[in-house]
Amino acid sequence: MTRRIIVTGGAIITDSLGRILLQKRSDYGDWGLPGGGMEPGESIEETMVREVKEETGLDVIHYNLNSIYSGSRMMYTYPDGNEVVFVMFLFNVEADLKGKLAEDGSTLIHTDSNNESLQLIFKHLDEINLETINRVQKPVFFDLKEERMGILRS
């Protein structure tokens, strides 16, 4: 099967407690960061802002580039057999969370009309089980946990 290159914009959304927003995705069935593929004519920033809104209902207030992931670690085969290679742009994102959290203080309240998000929850890095993270996003979480810096990651 032919591999396609998909450019994605993703968000590391943190709350006031330093927790990261995790998304249980319907396409993978496991956990990762909100984000998705670039559409023709979009900038990567527009992609990230659109995907955050679609998948979480949140409005992005401020962002800056965290990292770009490419290379063999970004190869992925979807459950339907489609093979892709991601070029993943990740942004540190501040979003408006006012009135968006459930009573537990961790769960983000959002009804996703496209059913891309099965669940949205904030967790501290040390609470995240890497075995539940999507394979293509695991390098991101390893780097976050190890406090690895640098824009280009392969």
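Now for a look at the structure at hand. None of the values given here were measured: they were computed from a predicted structure.

**What about the pairing of strand E7 (residues 83-95)?**
Working step 1: Pairing of strand E1 (residues 3-13) with E7 involves eleven bridges; the strand directions are parallel. Considered in E7, the bridge of Gly-9 is made with Phe-89.
Working step 2: Two elements, strand E6 (residues 75-77) and E7, share three bridges in a ladder whose sense is antiparallel. In the strand pairing of E7, Thr-77 is matched with Glu-83.

**Thoughts on the sheet that holds strand E8 (residues 117-123)**
Working step 1: Spatially, the three strands line up as an open sheet ordered E3-E2-E8, and their pairing is antiparallel. Every interior strand has two partners, whereas the edge strands, strand E3 (31-32) and E8, have only one.
Working step 2: In this sheet, E8 lies alongside strand E2 (residues 20-25) in antiparallel orientation, the contact comprising six bridges. Residue pairing for E8: Ile-20 is matched across the bridge by Lys-123.

**Overview of the pattern of salt bridges**
Working step 1: What the rule picks out here adds up to eleven salt bridges.
Working step 2: Lys-138 is paired through a salt bridge with Glu-131; the nearest N and O atoms lie 3.9 Å apart.
Working step 3: Between Arg-148 and Asp-143 there is a salt bridge whose closest N-O contact spans 2.9 Å.
Working step 4: For Arg-148, a relative accessible area of 45% puts it in the partly exposed group.
Working step 5: The exposure class of Asp-143 is buried, given its relative accessible area of 4%.
Working step 6: Through salt bridges with shared partners, a single ionic network connects Glu-39, Glu-42, Arg-50, Glu-51 and Glu-54.

**With respect to unusual backbone geometry**
Working step 1: Look at Asn-115: it is not a glycine, yet its phi comes out positive at around 55 degrees.
Working step 2: Structurally, Asn-115 can be placed in the loop between E7 and E8.

**Focus on helix H2 (residues 138-146)**
Working step 1: Regarding H2, the residues found buried are Lys-138, Pro-139, Val-140, Phe-141, Asp-143 and Leu-144.
Working step 2: Close packing links the buried residues of H2 with E1, E2, strand E5 (60-69), E7 and strand E9 (152-153).
Working step 3: Immediately beyond the C-terminal end of H2, within one or two residues, lies Glu-147, with a positive phi of roughly 55 degrees.

**Regarding the nonpolar core**
Working step 1: Counting residues in hydrophobic clusters, the biggest one holds 23 residues, and the most contacted among them are Phe-86, Val-140 and Phe-141.
Working step 2: Here this core gets four residues from one element, more than from any other, and that element is E7.
Working step 3: In terms of nonpolar packing, the next biggest core, distinct from the first, is built from 14 residues, Leu-21, Ile-44, Val-52 and Phe-122 among them.

**Points about helix H1 (residues 44-56)**
Spacing of three or four residues puts side chains on the same side of an α-helix, whose turn is 3.6 residues.
Working step 1: A rise of 1.5 Å per residue sets the reference length of H1, with its 13 residues, at 18 Å; its end C-alpha atoms lie 18 Å apart and thus fit the reference within 8%.
Working step 2: Close packing links the buried residues of H1 with E1, E2, strand E4 (35-37), E5, E7 and E8.
Working step 3: Downstream of H1 by a residue or two, Gly-57 has a phi angle that is positive, lying close to 80 degrees.

**Quick look at the environment of Asn-82**
Working step 1: Relative to the elements of secondary structure, Asn-82 occurs in the loop between E6 and E7.
Working step 2: Through-space distance from the C-alpha of Asn-82 to that of Arg-3 is 7.5 Å; in sequence the pair is 79 residues apart.

**Digging into the side chain of Gln-137**
Working step 1: Along the chain, Gln-137 falls in the loop between E8 and H2.
Working step 2: In this structure Gln-137 comes out as buried when scored by relative accessible area, which is 7%.
Working step 3: At a separation of 2.6 Å, a polar atom in the side chain of Gln-137 contacts the main-chain amide nitrogen of Leu-33.
Working step 4: When neighbours within four sequence positions are excluded, Gln-137 is seen to be in contact with Gly-32, Leu-33 and Met-88.

Thresholds applied
- Residues numbered from 1 in each chain as written.
- Predicted model: local features only at pLDDT ≥ 70, side-chain atom pairs only at ≥ 80, totals over all residues.
- Heavy atoms only, no water.
- Pairing = 2+ DSSP bridges.
- Helix = DSSP H or I, 4+ residues; strand = E, 2+ residues; numbered from the N terminus.
- Salt bridge = Lys/Arg side-chain N within 4 Å of Asp/Glu carboxyl O.
- Buried < 20%, exposed > 50% of the residue type's maximum accessible area, 1.4 Å probe, protein only.
- Contact = heavy atoms within 4.5 Å.
- Core = buried A, V, L, I, M, F, W, Y, C linked by side-chain atoms within 4.5 Å.
- Expected span 1.5 Å × (residues − 1).
- Polar contact = N/O pair within 3.5 Å; in protein donor to acceptor, adjacent residues only side chain to side chain.

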